[in-house]
Structures are given as C-alpha cells and as structure tokens.
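Structural overview for review
Here is how the chains run, residue by residue.
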Amino acid sequence: MGVIRKLDPHLVNQIAAGEVIERPASVVKELLENAIDAQAAHIDVAIEDGGKKLIRVQDDGLGMAADDLALAVASHATSKLTSSDDLERIATLGFRGEALASVGSVSQMVVTSCRAGEVGGHSISIDGGRLGDLRAAGAAPGTTVEVRNLFHTIPARRKFLKTEATELGHIVDAMARVALAYPQVAFRLTHNGRTVHNLPRAEDIRERVSAFFGRQLADQLIEIRSDTPVGGLWGLAAPPSESRASTRMQYLFVNGRYVRDRSLLHAIREAYRGLIESNRQPVVFLYLTVPANDIDVNVHPTKIEVRLRSGQQLYREVLAALRQRFLTADLAPRIEDGLALPAGRTADNAPPHAESGAGDTDAQAREMRIRQSMADFLRAPPSSSQQRLSFKRGDRGTGPSGPREFASPVADTEPPPGDLQTAPSPQRAPVAQGVEDAGPRAVQLHNTYLVAETDDGILIVDQHALHERVIYEELRSRLGAGPLESQRLLIPAVLDVTQRERAFLEEHGEQLARLGVEFEPFGTASIGIQAFPMMLTGRAQPERVLRDLLDWAAENGGKLTVDDVLDELLHRMACRAAVKAGDVLTAEEVQSLLAKRHMAEQTATCPHGRPTSLVLPRDEIERQFHRDYRTTRPEDDDTLPPDA
Ligand code: ADP
Ligand code: MG
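Along each chain, the written sequence defines residue order, and numbers are assigned to residues from 1. By the order in which they are written, chains take letters starting at A while ligands take numbers starting at 1. Local features are withheld for residues below a pLDDT of 70 in this predicted model, meaning they are given only at 70 or higher, and side-chain atom pairs are given and counted only at 80 or more; totals for whole chains, interfaces and linings count all residues. Side-chain numbers come from the whole structure's heavy atoms, not from hydrogens or water.

1. Things to note about the sheet that holds strand β9 (residues 222-228)
Pairing between strands requires that DSSP locate at least two bridges from one strand to the other. Going along the chain from the N terminus, every DSSP run of H or I of four or more residues is numbered as a helix, and every run of E of two or more is numbered as a strand. Sheet architecture is open: 5 strands sit in the order β9-β10-β13-β11-β12, paired in mixed fashion. Each of the sheet's edge strands pairs with one partner strand only, and the pair in question is β9 and β12 (257-258). For strand β10 (residues 231-237) and strand β13 (residues 284-289), the ladder comprises 6 bridges, and the chain directions are antiparallel. When the sheet's bridge partners are listed, Leu233 is paired in β13 with Leu288.

2. Structural notes on the packing of helix α16 (residues 499-507) against helix α18 (residues 542-556)
Between the N-to-C directions of two axes lies an angle of 0 to 180 degrees, each axis being a line fitted to C-alpha atoms and, for a helix, fitted only over the stretch in contact. Contact pair α16 / α18: the axes reach a minimum separation of 11 Å and the direction vectors enclose 100°. What the angle tells us is that α16 and α18 run roughly perpendicular. Each of Glu501, Phe504 and Leu505 in α16 lies in contact with α18, whose residues at this interface are Arg547, Leu549, Leu550 and Ala553. Oblique is the label for any angle not under 35 degrees, not over 145, and not in the 65 to 115 range, which are roughly parallel, roughly antiparallel and roughly perpendicular in turn. Contacts are residue-level and defined by heavy atoms, with any inter-residue pair within 4.5 Å sufficient.

3. Observations concerning the packing of aromatic side chains
Only centres within 6.5 Å qualify two rings of Phe, Tyr or Trp (six-membered ring in Trp) as a pair; their planes then separate them into stacked at under 30 degrees, edge-to-face at over 60, and tilted for everything else. Scanning all chains against the criterion turns up 10 aromatic pairs. Ring plane angle 70° and centroid distance 5.9 Å describe the contact between Phe253 and Tyr258, whose orientation is recorded as edge-to-face. Residue exposure (1.4 Å probe, protein chains only): buried if accessible area is under 20% of the type maximum, exposed if over 50%, otherwise partly exposed. Taking relative accessible area as the criterion, Phe253 reaches 1% and is therefore assigned buried. Taking the relative accessible area as the measure of exposure, Tyr258 reaches 11% and is therefore buried. Among the aromatic residues, those joined into a ring-pair cluster are Phe212, Phe213, Trp234, Tyr251, Phe253, Tyr258, Phe285 and Tyr287. Charge-over-ring contacts are defined here by two conditions on Lys NZ or Arg CZ: a distance within 6 Å of the ring centre and an angle within 35 degrees of the ring normal. Over the face of the ring belonging to Phe160 we find Lys162, whose NZ or CZ atom lies 4.7 Å from the ring centre.

4. Here we look at the site of ligand 1
Ligand 1 sits among 17 residues. The nearest are Asn34, Thr78, Ser79, Lys80 and Gly97. Here Lys80 contributes a side-chain N or O atom positioned 2.7 Å from an oxygen atom of ligand 1. Within the contact set of ligand 1, an oxygen atom lies 2.7 Å away from a backbone nitrogen or oxygen of Gly97. Throughout, the Shrake-Rupley method with a 1.4 Å probe supplies accessible areas, and for residues the shown protein chains are the sole cover considered. Here ligand 1 has 530 Å² of accessible area as a free molecule, and 93% of this is covered by the chains. Each residue is tested against the molecule or strand, and it is near if at least one of its non-hydrogen atoms lies within 4 Å. Polar contacts here mean pairs of N or O atoms no more than 3.5 Å apart (in protein, one a potential hydrogen donor and the other a potential acceptor; neighbouring residues in sequence count only if both atoms are side-chain atoms).

5. With respect to the pairing of strand β3 (residues 108-114)
Judged by how many residues are buried, β3 sits mostly within the fold: 5 of 7 residues are covered. The pairing of β3 with strand β4 (residues 120-127) spans 6 bridges and is classified as antiparallel. Across the sheet, the residue bridging to Val111 is Ile124, located in β4. Counting the residues in the hairpin turn of β3 and β4 gives 5 residues, including Gly117, whose phi is positive at 90°. Sheet topology note: the β3/strand β6 (residues 142-148) ladder contains 7 bridges and is antiparallel. Residue pairing across strands places Met109 opposite Val147, the latter belonging to β6.

6. Quick notes on the pattern of salt bridges
Whenever Lys or Arg places a side-chain nitrogen within 4 Å of a carboxyl oxygen from Asp or Glu, that contact is recorded as a salt bridge. Scanning the entire structure with this criterion turns up 32 salt bridges. A salt bridge links Lys53 to Glu48, with the nearest nitrogen and oxygen atoms 3.5 Å apart. You can call Lys53 partly exposed: its relative accessible area is 43%. You can call Glu48 partly exposed: its relative accessible area is 28%. Among the ionic pairs, Arg244 bridges to Asp551, the shortest N-O distance being 3.8 Å. With Arg244 in the loop between β10 and β11 (250-254) and Asp551 in helix α18, this residue pair connects regions lying 307 residues apart in the sequence. Across the pair, Asp551 and Arg244 agree in class, each one buried.

7. Observations concerning a nonpolar patch on the surface
In this analysis, a patch consists of residues with relative accessible area above 30% that form no salt bridge, clustered at 9 Å for like charges and at 5 Å for the nonpolar side chains Val, Leu, Ile, Met, Phe, Trp and Tyr. Together, Leu7, Leu11, Val12 and Ile15 make up an exposed nonpolar region whose accessible area comes to about 330 Å². When you line up the elements, Leu11 lands in helix α1 (residues 9-20). Residue Leu11 is classed as partly exposed on the basis of its relative accessible area of 36%.

8. Examining the sheet that holds strand β24 (residues 526-533)
Across the sheet, which stays open at both edges, the 3 strands sit in the order β22-β24-β23 with antiparallel pairing between neighbours. Of all strands in the sheet, those with a lone pairing partner are β22 (486-496) and β23 (518-522), marking the two edges. Averaged over neighbouring strand pairs, the angle between their axes works out to 20° when direction is ignored. Two elements, β22 and β24, share 7 bridges in a ladder whose sense is antiparallel. Counterpart to Leu495 in the pairing with β24 is Ile527. Contacts from α16 reach β22, β23 and β24 within the one sheet, and its direction differs from that of β23 by about 145°. Across the sheet, α18 lies against β22 and β24, angled at about 55° from β22, the strand it touches most.

9. Some words on helix α20 (residues 587-595)
Within the span of α20, buried status applies to Glu589, Val590, Leu593 and Leu594. End-on view of α20: buried residues confined to an arc of 125°, all on one side of the axis. In α20, the exposed residues that point more than 90 degrees away from the buried face are Ala587 and Glu588. The arc in question is the one spanned by the directions pointing from the helix axis to the C-beta atoms.

10. Focus: the confidence of the model for the chain
A score between 0 and 100, pLDDT records how confident the predictor is in each residue. The pLDDT averaged across the chain works out to 79; a share of 79% of its residues lies at or above 70. Note on residues 377-438: pLDDT under 50 across the span, and 112 contacts to partners over four residues away in sequence or across chains. Here residues 632-644 scores under 50 on pLDDT; set against residues more than four positions off or in separate chains, the count is 13 contacts.

11. Some words on helix α2 (residues 24-37)
Residues spaced three or four apart along an α-helix face the same direction, because each turn holds 3.6 residues. Expected span of a helix: the number of residues minus one, times 1.5 Å. Here α2 is 14 residues long and its end C-alpha atoms lie 20 Å apart, about the 20 Å a rise of 1.5 Å per residue gives. For α2, the tally of buried residues reaches 12 of 14 residues, placing the bulk of the element in the interior. Within the sequence span of α2, burial applies to Pro24, Ala25, Ser26, Val27, Val28, Glu30, Leu31, Leu32, Glu33, Ala35, Ile36 and Asp37. Just downstream of α2, Gln39 is the residue with a positive phi angle, here 60°.

12. Description of the packing of α18 against helix α19 (residues 562-577)
At a minimum axis distance of 9 Å, the contact between α18 and α19 shows a crossing angle of 135°. One way to sum up the angle between α18 and α19 is to call them oblique. Handedness of the α18/α19 crossing: right-handed. In this structure, α18 contributes Arg544, Val545, Leu546, Asp548, Leu549 and Trp552 to the contact, and α19 contributes Asp564, Val565, Glu568, Leu569, Arg572, Met573 and Arg576. Residue type decides the class: Asp, Glu, Lys and Arg count as charged, Ala, Val, Leu, Ile, Met, Phe, Trp, Tyr, Cys and Pro as nonpolar, and the leftover types, Gly among them, as polar. Here the residues of the contact of α18 with α19 are counted per class, giving 7 nonpolar, no polar and 6 charged. Crossing handedness follows the turn of the near helix against the far one: under a right angle anticlockwise gives a left-handed crossing, and clockwise gives a right-handed one.

Shown next as structure tokens:
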C-alpha cells in the first residue's frame with residue numbers, strides 16, 4: 001500500500017506560514033502592506049511584548065464587506081488578482097492571498113472590518129487555523145487585525161524568538177521599509193502602551209529618514225532625480241563621510257516596494273567607488289518607478305527579490321544619476337572630514353602632523369588634492385571590472401611564479417600564488433629584529449606604506465593596518481589588567497540610533513563600561529556618549545566607533561556572544577584611532593611605528609584580517625633579476641649577471 005498522502009489544508013497553511021512568517025516583524029510587514037493596498041491614510045500599530053503577546057494593526061482604508069471576511073482569512077484568496085495576465089502587472093503590494101491565512105494558522109487572530117459608508121461592520125476570528133463565527137461589530141470604517149500569541153501552535157518557533165527589544169527592533173525596521181516609501185500615510189507605533197514612533201503625514205521623505213535615523217543624517221542628504229527611458233528615479237544620497245560598515249542603510253524601492261536587488265545595489269556601490277574606503281558602504285534611499293509589467297515580483301515569498309525587465313539599463317541609469325549628482329554637489333568638506341586625522345592625536349607613535357608643519361596651507365593643499373582626484377574620478381568612465389594594478393599577497397602558496405607577476409593586473413578576488421609572502425613566515429623570524437634597528441633605512445611611500453630594509457629582503461608595511469594592530473594589542477593587554485580607565489567628555493558625543501540599536505547598546509552596557517564607554521539616552525532617537533577610554537581621547541571619535549560597532553552588530557544578527565562584542569569594540573576602537581592611508585608621517589613616526597612592529601608579530605594581520613606587512617624576500621628579488629645564477633651556475637663570475 002502506498003505511503004503518500006495529500007496534506008490536510010491546515011498543515012499546508014502552517015508550512016506556507018513558515019515561508020512568509022518568520023517573526024513578529026513579518027506579520028507587521030504583511031499587515032502594513034494590506035493597509036497600504038486598502039488606501040489607508042492613517043495606520044496604527046500596537047505591539048505588546050515584542051509582538052509575542054499582541055500585534056494589532058488598525059487602518060482607515062476601504063474595509064471589507066461581511067461576505068469577504070471569511071474569504072480574506074482563507075488561503076489563496078485575494079481581491080488583487082483575477083487572471084494570470086494580472087500577475088504580469090502587479091500594482092499592489094500583496095497578490096498571493098496567503099498572508100492572513102498563514103498568520104491565522106499560527107496565532108489567534110481577529111479581523112474586524114467596516115466599509116466606508118456602512119455602520120459597525122463585522123469581525124471574524126481564527127485560532128490556529130480554526131475559523132470562528134462571523135459577528136457584527138461596532139467598528140469605525142477601516143480594518144483592524146489583531147494577532148495574539150504568535151506561533152502558539154508551533155512552540156519550537158516561538159521559543160526561537162529573541163528578546164522583546166530585538167523583536168521590537170525588527171518591527172521598527174519593517175515599519176521603516178514601508179513608511180519610507182509612503183510619506184503621505186501617517187503611521188504610529190506603540191510598544192507596551194508607549195509611543196515608539198509617531199509619524200504624521202510627511203511632505204518630504206527626509207522627515208521620515210530623520211524620524212528613523214536622525215536629523216544629522218537627514219540634513220546631509222543630497223537629492224537625486226532623473227527621468228530615464230526605462231523609468232523614473234528619485235532618491236536621497238548621503239555624502240561619503242556618512243558611510244557605514246554594512247549595506248543595511250541602502251534602501252531601494254521599486255514601485256513603492258522595498259527590495260534587495262543585487263545589481264542595483266552594486267550600481268550604488270560603484271557610484272561611490274573612490275569616494276569611500278573599500279570596506280565601507282554608502283547610505284542611499286533610492287526610489288524607482290517602472291511600468292508594472294516591467295517588474296516581476298512573483299520570485300520570492302516575501303517579495304524582497306524581484307526581477308526587473310530593464311535591469312541592465314537601470315543599472316547604468318542609477319550609476320550615471322548618482323555620479324552626475326556627486327559631480328555638482330559640494331562634497332569636499334565632508335570628504336575631508338571623513339578622511340581627516342582624529343583631532344589632537346597625541347600618541348607617541350603618531351603626533352599630530354598638521355600642527356608640526358605648514359599647518360593651514362597643508363590642509364588646503366590636501367583639500368585641493370581631494371577635490372581634484374574626486375573630479376578626475378567622477379569624469380572617468382565607469383570601469384567594468386575590479387581590475388587594478390597591485391601587489392598581492394600570496395598566502396595560498398610560497399612557490400615562485402612567473403617573472404612578470406609584480407606588474408600584472410590582478411583581479412580583486414582570487415590572488416594567484418604570488419611572489420610576495422605574508423610576513424612573517426616561520427623561517428623569516430629575524431625580519432622583525434632587522435627592522436627595529438633599521439634606523440634611517442625606512443621610508444614612507446604613497447603616504448600609505450612604510451618600506452624598510454631587512455636582513456633578508458624588503459619589508460613593506462601597511463601603516464594603517466600595523467598601527468591598528470598595535471593599538472588593538474595595547475588595548476587588549478591593558479584590558480587584561482582590569483577595566484580601561486575612562487575619561488569623561490566635556491561635551492557628550494551625540495549619536496543617532498534606531499530603537500534596535502539603542503536596545504543593543506543597553507544590552508551590552510556592561511562590556512561597553514569595561515572598555516570605558518558610558519552613554520545615556522538623548523531624546524528618543526539619539527544617545528549621548530559621556531565617557532570614552534582615556535587611551536583613545538583625541539584619537540578616535542567616540543560616535544564613529546559606536547556607529548561601526550552597531551553596523552557590525554546589525555550585520556551579524558543574533559549569534560553574538562559577549563566576547564564577540566567586546567572584541568569587536570576593541571577592533572573598532574583600534575581602527576578608528578589608527579593613522580589612515582594617506583596620512584603623512586614624519587621620519588620619527590615611521591620609526592616609532594616600525595619599532596612597535598613586534599606587537600603585531602603573532603599574526604601579521606590587522607584585526608580585520610588584512611595583513612599588516614609583506615616581505616619581498618631577497619632571494620626572490622634576485623631570482624626576478626636573474627641574479628640567482630650563483631646557485632645555478634657556480635662557475636660564472638659574480639660581478640655580472642649572465643645576460644647583462
Ligand atoms: P493579499 O494581500 O496577497 O491579497 P492577504 O491574505 O494579505 O492577501 O489578504 C487577503 C485579502 O483580504 C486581500 O486581498 C484584501 O482583499 C483583504 N484585506 C486584507 N487586509 C485588508 C485591509 N487591511 N483592508 C482591506 N482589505 C484587506
Ligand atoms: Mg497581503
């Protein structure tokens with residue numbers, strides 16, 4: 001007898017729910033989209049217990065007739081689609097007719113609705129997929145969906161939910177993705193009776209950006225506008241100095257829908273190339289409007305991925321529009337700010353260079369250089385690949401390769417087995433010794449690399465990577481002796497944070513305190529950093545360090561241990577306090593930095609996993625110049641290479 005059976009519809013819904021409803025925030029997303037599709041002008045979201053106890057979304061939209069209520073909560077029932085032709089030109093956020101049925105199968109849900117012009121309306125309840133009776137209700141026009149005890153039917157899922165603060169954070173994110181696309185709709189969010197966001201109908205998206213991410217960012221955004229043959233493009237782009245460690249602040253909307261589109265995100269990144277450091281990410285809010293039949297949203301259950309018919313052309317339009325705009329925008333002071341040395345740096349190995357020399361003229365010249373190189377960069381046609389001429393570390397093998405290796409363009413990704421070796425490899429231990437008394441035989445090149453002679457070759461050090469490593473090791477070893485000494489800031493450094501970010505900082509207040517960081521809430525959307533480790537005062541900007549930490553935390557989600565956070569904070573502090581590529585160092589600074597190189601010896605990589613130094617072994621150099629004949633042709637005269 002066969003063993004295959006058809007699943008009962010209730011089970012089918014639960015499985016479907018697994019795809020769409022991952023956590024309370026997914027419910028909020030679906031309900032908000034339904035309210036928007038119903039043309040609501042005001043949407044009220046009430047949450048209790050991070051959404052585990054209650055999620056209630058109330059709108060003043062079109063409402064549903066009594067006949068439609070039972071259908072609304074049935075699976076594959078929708079008013080937004082009738083034929084398969086419709087599927088090719090979706091103009092609503094929903095169309096699958098699955099959300100309410102899915103939510104109803106894993107919670108206790110009550111839908112109350114009243115159509116405009118009618119009195120009272122009706123309600124229907126559904127508990128773990130079991131449909132209740134239709135009742136008359138005393139409701140205002142619009143719809144209210146109340147979801148209690150999410151996942152009470154799937155205890156394993158429910159147990160998997162995170163803390164109240166974390167779930168609320170996800171809910172705020174979900175709301176931001178809708179609210180940033182519909183400024184003409186008013187939103188309100190309360191949690192356990194407390195108002196989290198109250199967003200009146202806005203004239204300008206900037207007001208929404210300000211509400212979620214702070215006024216400081218909102219005020220700096222540059223407007224982008226371009227009408228293209230394939231669709232309209234409008235957006236707000238942050239100056240390079242506002243870059244982040246992750247792509248989370250790249251908001252992309254197509255026809256009012258928040259999407260993650262690899263290609264368009266790449267276009268954004270590409271537009272900023274050369275303006276921000278390669279490990280940083282730009283902040284952009286971009287809105288595309290394309291004909292409904294040019295976008296296929298039926299790709300992903302939560303519709304976060306879409307297919308765009310004119311993808312390639314849109315890529316070019318986005319890239320061109322951003323670049324064109326940057327060319328005319330006065331970004332220079334902000335870029336300067338982004339690349340500037342931490343003010344008043346006092347470390348013995350890195351005294352402030354601007355004060356020692358020509359001062360103002362130095363700074364002006366520097367600014368001119370940046371302006372010039374940016375203008376050059378922006379005028380250049382976008383390059384299609386990441387190719388560039390560079391040395392590569394060959395950590396995949398030590399064997400020698402072709403003689404032209406040094407000069408060949410190497411793709412950013414897979415480094416070929418190289419001629420350079422990551423230092424120090426075991427047999428090169430004496431290198432460090434050689435450097436410490438290398439004395440005057442070390443120079444700074446390209447304002448980025450320190451090059452020194454060693455006993456058995458040439459050492460090339462990345463000044464930022466090494467300095468970062470040295471600071472990191474210093475911080476770590478001091479921490480071993482107890483909490484870092486903190487210094488109160490005269491004026492607190494203000495950092496705009498989202499709900500979720502603030503929750504994260506509060507959750508990790510203890511680790512922050514161990515490192516000498518103290519803060520307290522500053523209004524609803526910011527914190528004031530009041531104390532910072534003494535060792536770093538004047539060297540790293542506290543708000544930047546914490547911003548980096550928060551971006552990292554957002555990227556790495558729920559799997560962080562206390563030690564992870566502590567270590568990352570050390571890394572971020574070290575990175576922000578270290579000299580940057582492009583900083584001019586005096587001869588003494590070069591020497592003193594190299595003298596500390598032993599602190600980085602254990603791993604030879606900076607805390608972010610990049611190498612701090614490379615060794616060009618002497619025997620390898622000799623081989624390249626065919627000076628190695630002595631070993632192969634011992635009979636030759638050693639004053640001339642054989643083919644010289
Ligand atoms: P979909 O949005 O994909 O159609 P849902 O399960 O989310 O599927 O909703 C089913 C149907 O219920 C919708 O097509 C719509 O007709 C109706 N509906 C749901 N929420 C609302 C609302 N807030 N206001 C009016 N109608 C709604
Ligand atoms: Mg829907």
